[in-house]
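Descriptive analysis of the structure
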Amino acid sequence: MDDNDRALLELSHVDTFYGPIHALRDVSLRIEDGHITCLLGGNASGKSTTLKTILGMADAVNGTIEYLGERIGGMTTAELVQRGISMVPENRRIFTRMTVMENLEMGSYLRTDKDGIKEDLERVLSLFPRLEERHKQVGGTLSGGEQQMLAMARALMSRPRLLLMDEPSMGLAPILVQQIFDIIVEINQQGTSVFVVEQNANMALSIADYGYVLQTGKIVLADTAANLQVNKMMREAYLGEM
Amino acid sequence: MIHVRDLSQASKLRLALKIGLFVGIAMQYLIFVGIIETFHDRFLIKDVISIGEIIMLLVFAGSGYLSVWALKKALNPVHEEVEVPVRRPWAVGSGALSGLVVGAFIALLVIVNSVIEVRDVFVSISPDLIQIVTFGRGETLAGLVIPMALSTILAAIAGTLYIVRADVRRTVVLSVVWVTFAALISDLIRVSLSRPGFPVFLSRIFTSSNGLTVVGTVTVVAVVVAWIVFGPAVQEKWKARKSTMSPARQRNLRYGQWSLLLLLLLLLPLIVGVFPSEVLNNIGIFIIMGFGLNIVVGMAGLLDLGYVAFFAVGAYSMAVLTTLQPDIGGFELTFWAALPIVIIITGIAGLLVGAPVLRMRGDYLAIVTLGFGEIARFLALSDWLSPFIGGAQGIIKIPKIAIGATVLRGPQVLYFLFLAAGAVAYFISWRLKDSRTGRAWMAMREDEKVAEAMGVNTVYYKLLAFGIGAMIASLSGALFAAKLGTIYPHSFSVLVSITVLSLLIVGGIGSLPGVIVGAFVLVGLPELLREFGEFRLLMYGALLITMMILRPEGILPSVERARELRKEDRAQDEVYSLDEPTAAPATPSGD
Amino acid sequence: MPPIFECEGLIKSFGGLTAVNHFELQIEEGEIVSLIGPNGAGKTTLFNLITGFYPPDSGSIHSDGRSLVGLSTHQITQLGIARTFQNVRLFPNMTVLQNVMVGQHSRSKSGVLAAILRLPSFKAEEERVMAKAKEQLEFFGTRLVGYRYDQPAYSLSYANRRRLEIARAMATEAKLLLMDEPSAGMNPKETEEITELIGQLRDERGFTIFFIEHDMRVVKGVSDRVVAMDYGSKIAEGSYAAVSTDEHVIEAYLGRVSEDGADGR
Amino acid sequence: MATAIRQRLGSGFSWVNLLLWLLRIGVVVLVILGSANTLISQKYTVANWVSLFFSGLAQGSIYALIALGYTMVYGILLMINFAHGEVYMAGAFTAFFVASATAKSGLLESNPWAAIGLWFLVSMSVATLVAVLLERIAYRPLRNAPRLVPLITAIGASYFLQYTFRGLYGSNFRSYPEVAILRGTVTILGFNVPFVQLFVILAAILLMLGLNAFVERTKTGKSMRAVAEDKEIAGLMGIDVNRVIVTTFAIGGMLAGAAGIFRGLYQPQGISAFMGFLPGLKAFTAAVLGGIGSIPGAMVGGLILGLFESFGPNLILEGLGIASANQLRDAIAIVLLVFVLIFRPQGIMGEKLSEEKA
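Residues numbered from 1 in each chain as written. Chains lettered and ligands numbered in written order. Predicted model: local features only at pLDDT ≥ 70, side-chain atom pairs only at ≥ 80, totals over all residues. Heavy atoms only, no water.

**A look at the overall build of chain C**
A tally of helices and strands in chain C yields 10 helices and 10 strands. What you see for chain C is a C-alpha radius of gyration of 20 Å, in line with the 18 Å of a compact globule of 265 residues. Projecting the C-alpha coordinates of chain C onto the three principal axes gives extents of approximately 75 × 40 × 35 Å. Counting every position in chain C, which comprises 265 residues, the buried fraction comes to 62%. Restricting the contact set of chain C to residue pairs at least 6 apart, pairs at least 24 apart contribute 69%. Surface accessibility of chain C: about 9600 Å² in total, with carbon and sulfur atoms responsible for 50%. Distance between charge centres in chain C, computed from 28 positive and 35 negative side chains, equals 9 Å. (Helix = DSSP H or I, 4+ residues; strand = E, 2+ residues; numbered from the N terminus. Rg over C-alpha atoms; globule rule 2.2 N^0.38 Å. Buried < 20%, exposed > 50% of the residue type's maximum accessible area, 1.4 Å probe, protein only. Contact = heavy atoms within 4.5 Å. Areas by Shrake-Rupley, 256 points an atom, 1.4 Å probe, with all protein chains shown as cover. Lys, Arg positive; Asp, Glu negative; His and termini not counted. Charge placed at Lys NZ, Arg CZ, Asp CG, Glu CD.)

Pasting the structure below:
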């Protein structure tokens, strides 16, 4: 990868505190346009905090965050959504009391282009045929996998240029995880850049182009996905040195 | 690095206008709601200025003061500790401008009132009121100009005051405050001064039947000025002398101060006279209840809005047990024989109310206890129970309290009973605070689940708090019944609960001296200011809101509660659990 | 002698999700056992079941042969099980000393009357409780002693709050300490210290320790035995070396290696 | 076996539980006994019961409209807007002055429906304004404060508003002008029902249907539901959470304003600045009864409470031999509140709030 390329999103030397906890220490990473980038790490390594920092939900006290060359620190979430960043939260967190269609509608809340929304709705439903079958069902009655799909579909409804995903595999059976990751690849192939935060390293690396490994708030490894897959230190990062 | 922003002239003017508008609306509020007119009946300085007028003048001045304050804040939003000078022309100008706006509001009111009959809707807008707000000129050109001119000038002066030397500012502000305060309690001063043994002229010189005299006012101002000029030096000297004393003498001095205080407390009714003693007793009723509710709300963290129910149970059971009214009770016990029974009955009532609400969340608990309080009143009012507790007619012929053969008569004697009961309530609260029980309560207040995990049986401690709180309230209720000799259901409305809660909050929840201060401010002051009556609860409401927003810890916060109600403490609850979500069955995938 | 802690067939579900599923475990007196597992594995739920925060759907929990099921939290504490919390839960507006003194609650008994009258028994007990509390705080060196005694807990640094929470749990004179991620949010140096401290708690104070931990350095550093959990069930148990190389554990943490290998896309 | 029973009862078998069970049984026994006694004695005719039914329904519609404001605000902010009863009072007061004006100008005579429409327009606007100001001034600064702080503020606001209105408009009771077209009775299935009751019931139902359509179908309504469910995620969608909260207060205020008018139309004793307190408490009861946070719950809860309050004294209390049972009408509504909060805090239609969420 060429370092002179302008990244889609770039964090440089970011420190974040969460309450009294120093959650991110000097984190730098870049997300290339058109690629899948993953951020790996065990429990409590600071993965979610990274996402929150990008979205301005946690304050970066040091460092800069740039999106398409523009500093986005201090922007409201609505401004970020308008600029094409969208997120699939951890634990899915769909609106359980609203129907599938209503959930998707909320995803396109800020958009006013009716035709574009309709187009995206069709695209999204073709990506997730299961949701089409259940479009009138209330979110809370969906299975875990379907909820994950709905959360992804909802995020896509804002027609993002960058999709942030927080632990899409969490709490799902392996077969579903495989399905979800296949869809991530498809989304990426349709032109959306994806940033996946995952604990499930093997799965994430199997689809990503580039990966970072986070350990107690620090980036300890950064390499192409292929290299990381064979890197011995990977396991160490999760399970400690042997 | 100081961020001094450079504001354009236009935005400085806008700021002053904004403040003027804001204060102008507040002024209109005071006029429309009737405060100005009501307080016009009372003089601050006899035949010179009424309280209603001084309120208006203070609001005028306030707009100027506020506008310069806002200007300062706008120029230097971050660093409070750094003085950023506001140049004099701006101070005068901003003040004057905002004052002009406030005055214009009054002029507008006068004009509008002359065109349409506002009084049909707003009862306070009477011809009298128009006279008051125009300072006697009515609907004339002068009536329009005078308020505007006064307001502009006063606001400009106040604006300038904000930037002048601190001691000048203090002198003016303190003089106004103390003169107002002295005028408010002038009745009390008058009564205290005019008693046998005192020369009659003393009371006549300083106070009149309606407000301070000019001499009185000058005296107050003189005292304030003297204090500002000489006070610091005197204090300094005293401190220096004290530090050279031997420890033993210092201790003696402390003892001396305490015994002096005690002596003062004991002699208070004799010093102040009959009517003020009556007021003191009324304050006492609320101080006792304040201590009781402080255990329930302040220590154990259970927001009880129906506390009046226990006061009522105490008063009613005392009344039923002692009354000589032929068709009710029939026990005709003495006060002292009845008291232990009353306390036990009320304690049981506390447990009965406490038991069903044990598992309830804080806000639900508040509403349910409020409901209990109302139910108690409805029952007291009902015909159904009237054979037992008198219904709407209440219970009469409750005998006076006697010690041996001596019947205690008059507020000056009863005072000692209130003092004793207050001391008992204080003592209990104080002793429990630093004990295993108090710690268990506080732990429960801070985090019920964790308190359980530390071995605290929260069921027991909640009941205990309700029980003890109720018993203390019963003490107050029993004295109340015996003091009045008659009780009616209407004395036990939810307003009592709200008053007690308000005084706790004003004094600082959890703080024992705070209870006393709160009771004096919220119960004592309105008693002295009869006109205040109708606006008492208006003020409580406004106080509750502003206290919660600006100073939730109260005037005299207890040390450990100082920041209890502040936002920052929530940081602990919200400490981020890094990547692992906490279990919430609502999102059932967390650990 | 029955083990200090024993549970069998423990099940707890919330709605459709089984957070703890047929879990079983025994802990002997004097052991240090750590519990690891990915997010959402059910670790904290297990702690909540043991301390009576929730009743289990089924299964048994015993301590020293006594059943804990059906007891309320404060009774369980009295029987000698104390805990700390993942996200430090102190009594923020009480002083440091008061926080720890609350820990002594179930080891003291003076009531309202004794307190009001300041009976000699009350005074003696109060002194004992305070001495005990100070003793626990002294365990952490000079950090929480002296002028700190009277500071409110909210004013402490994060690491000190964690220490205070441990001191409070120690003050319950429990036999079994449950610690939920004692190193969470700590920096590497503090983490090292916590590791050492856990060892001392057992060696010097005789506590049996069962703790949840994500930092493998801590787990490796002090555990006699490691238990790994996923989807509510125990997936491995044994020495750190054995568990950390266990295939199930690696899979739980890193995910299954997809069949088609590296070229997934 | 003993362990099994204890396990079933959960971790808290105790005297308190026993007491609660006794209380439950006692209440059921009393209700049955009282009702049976009354019915057997045949003190009241069917016509009596029908008339109680309709007046209960009308009163219940008023409660339901107020309850909607409680429930919507609770759904979004998890706070009890205790001052909501005063918003209702503000509506009733405003309408009184508009009504007097329309009566004076003759509009009420010449074009009554237009006049009544005007009442609604003005008083609902004022009530909305009060509700929105309340949110802005008293509650917004406390958005992140501990739970009890906004409750105390709300109590303060409640008294502040009561005494402000008393100061502004005086302490007299005021009665709405007579509206000719609402006089008279309508015969339904052979029973005479006052037309004004029917008007209140129908208008309230119309408003509630409107609200339902708004919340279910419009984008704003949906965003309200989204915010109620998960503020953070709603924000992630780009929804302006603050605006949604203000909208919620505004809608609650509108409905309470309308309820104020109904009350003024329907009850002869007139309105005063203190009229909001008890209906507010009762509407809160209705909201809890239906399941706080649930919109249909508040509607159903309100109607049930109205009926309960209407039948309760005559049916249950008189059967128990309590004299002047109607004096206790307000008390039994509050007793109902207490029992619902003790035994079924999630209400009829509400989902059980987990302790963490609560």
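**Looking at the interface of chain D and chain B**
Opposite the 62 residues of chain D that make contact, chain B presents 55 residues. Summing both partners gives a buried area of about 5200 Å² for chain D against chain B, and 75% of it is carried by carbon and sulfur. Linking chain D with chain B are zero salt bridges, by the criterion used here. The tally of links from chain D across to chain B stands at four residue pairs in polar contact (both at pLDDT 80 or more). For the side of chain D that touches chain B, the elements supplying multiple residues, two or more each, are α2 (15-41), α4 (84-105), α6 (112-139), α7 (148-169), α12 (277-290) and α14 (329-343) of chain D. Per element, the largest residue contribution to the side of chain D that touches chain B is 16 residues, and it comes from α7 of chain D. Split into classes, the residues belonging to the side of chain D that touches chain B amount to 43 nonpolar, 12 polar and seven charged. (Buried area = accessible area lost by both parts, 1.4 Å probe. Salt bridge = Lys/Arg side-chain N within 4 Å of Asp/Glu carboxyl O. Polar contact = N/O pair within 3.5 Å; in protein donor to acceptor, adjacent residues only side chain to side chain. Nonpolar A, V, L, I, M, F, W, Y, C, P; charged D, E, K, R; others polar.)

**Details of the domain arrangement of chain C**
Residues and elements named next belong to chain C. Per the domain assignment, the segments of chain C are domain 1 (1-80 + 174-265) and domain 2 (93-172). Computed over C-alpha atoms, the centres of domain 1 and domain 2 are 28 Å apart. In this complex, domain 1 contributes 21 residues to the contact, which on the side of domain 2 involves 15 residues. Between domain 1 and domain 2 the total buried area reaches about 1400 Å² when both faces are included, carbon and sulfur atoms providing 57% of it. Our count for the contact surface shared by domain 1 and domain 2 stands at three salt bridges. One salt bridge connects R143 with E193, and the closest N-O pair in it is separated by 3.0 Å. In this assembly, domain 1 and domain 2 are joined by nine residue pairs in polar contact (both at pLDDT 80 or more). At the level of secondary structure, the elements contributing two or more residues to the side of domain 1 that touches domain 2 comprise α2 (73-78), β7 (176-180) and α7 (188-205). With eight residues, the top contributor of residues to the side of domain 1 that touches domain 2 is α7. Residues belonging to the side of domain 1 that touches domain 2 are distributed by class as follows: 10 nonpolar, five polar and six charged. (Domains from an automatic or database assignment.)

**Some thoughts on the packing of helix α3 (residues 96-103) of chain C against helix α6 (residues 158-170) of chain C**
Residue and element names in this part refer to chain C. α6 packs onto α3 with a crossing angle of 35° between their chain directions and a minimal axis gap of 7 Å. For the element pair α3 and α6, the recorded crossing hand is right-handed. Contacts between α3 and α6 involve V96, N99, V100 and G103 from the first element and L164, A167 and R168 from the second. Looking at the contact of α3 with α6, its residues break down into four nonpolar, two polar and one charged. (Axes fitted to C-alpha atoms, helices over the stretch in contact; angles between N-to-C directions. Left-handed = near helix turned anticlockwise from the far one by under 90°.)

**Some words on the sheet that holds strand β4 (residues 58-63) of chain C**
Residue and element names in this part refer to chain C. Ordered by their spatial adjacency, four strands build an open sheet running β2-β1-β4-β5, and the pairing between neighbours is antiparallel. Both outer strands of the open sheet, β2 (17-27) and β5 (66-67), are each paired with one neighbouring strand and no more. This element, helix α1 (residues 43-50), spans β1 (5-14), β2 and β4 of the sheet and lies at about 115° to β1. (Pairing = 2+ DSSP bridges.)

**Quick notes on the sheet that holds β7 of chain C**
All names here are of chain C. Taken in spatial order, the six strands line up as β6-β7-β8-β3-β9-β10 in an open sheet, and their pairing is mixed. The sheet is open, and its two borders are formed by β6 (81-83) and β10 (233-238), each paired with just one other strand. On average, each strand axis in the sheet is inclined to that of its neighbour by 20°, with strand direction left out of account. Bridging between β6 and β7 involves three bridges; their strand directions are parallel.

**Re α14 of chain D**
The first and last C-alpha atoms of α14 of chain D sit 21 Å apart over 15 residues, in line with the 21 Å expected at 1.5 Å per residue. Along α14 of chain D, the residues that are buried comprise A331, I332, A333, I334, L336, L337, V338, V340, L341 and I342 of chain D. Buried positions along α14 of chain D lie against α15 (362-381) of chain B together with α2, α12 and α13 (295-317) of chain D. (Expected span 1.5 Å × (residues − 1).)

**Some thoughts on the packing of aromatic side chains**
One pass over the full model with this rule turns up 42 aromatic pairs over all chains. On the basis of an interplanar angle of 90° and a centroid distance of 5.6 Å, the ring pair of W178 of chain B and F181 of chain B is categorised as edge-to-face. Here W178 of chain B pairs with F181 of chain B, and both are found in helix α7 (residues 166-184), just three residues apart, close to one helical turn. Given a relative accessible area of 43%, W178 of chain B falls into the partly exposed group. Taking 5.4 Å as the distance between ring centres and 85° as the angle between the ring planes, the aromatic pair formed by F139 of chain C and F140 of chain C counts as edge-to-face. With respect to burial, F139 of chain C and F140 of chain C carry one shared label: buried. An aromatic cluster is defined as three or more aromatic residues linked by ring pairs; in this entry it consists of F32 and F122 of chain B together with F93, F96, F97, W119, F165, Y169 and Y176 of chain D. Over the ring of F378 of chain B we find R377 of chain B, and its NZ or CZ is 5.4 Å from the ring centre. Lying over the aromatic face of F91 of chain C, R168 of chain C brings its terminal NZ or CZ to 4.7 Å of the ring centre. (Phe/Tyr/Trp six-rings, centres within 6.5 Å; stacked < 30°, edge-to-face > 60°. Lys NZ or Arg CZ within 6 Å of the ring centre and 35° of its normal.)

**Digging into the side chain of T94 of chain D**
Residue and element names in this part refer to chain D. Mapped onto the fold, T94 is located in helix α4. The class for T94 is buried, based on a relative accessible area of 12%. Setting aside residues up to four positions removed in sequence, T94 forms contacts with V122, S123 and V126.

**A short note on a positive patch on the surface**
Residues and elements named next belong to chain B. The grouping of K239, K242, R251 and R254 at the surface amounts to a positive patch. Put simply, the parts of the chain that give the positive patch at least two residues each are α10 (214-244) and α11 (247-272). Note that R254 resides in helix α11. (Patch = residues over 30% accessible without salt bridge, like charges linked within 9 Å, V, L, I, M, F, W, Y side chains within 5 Å.)

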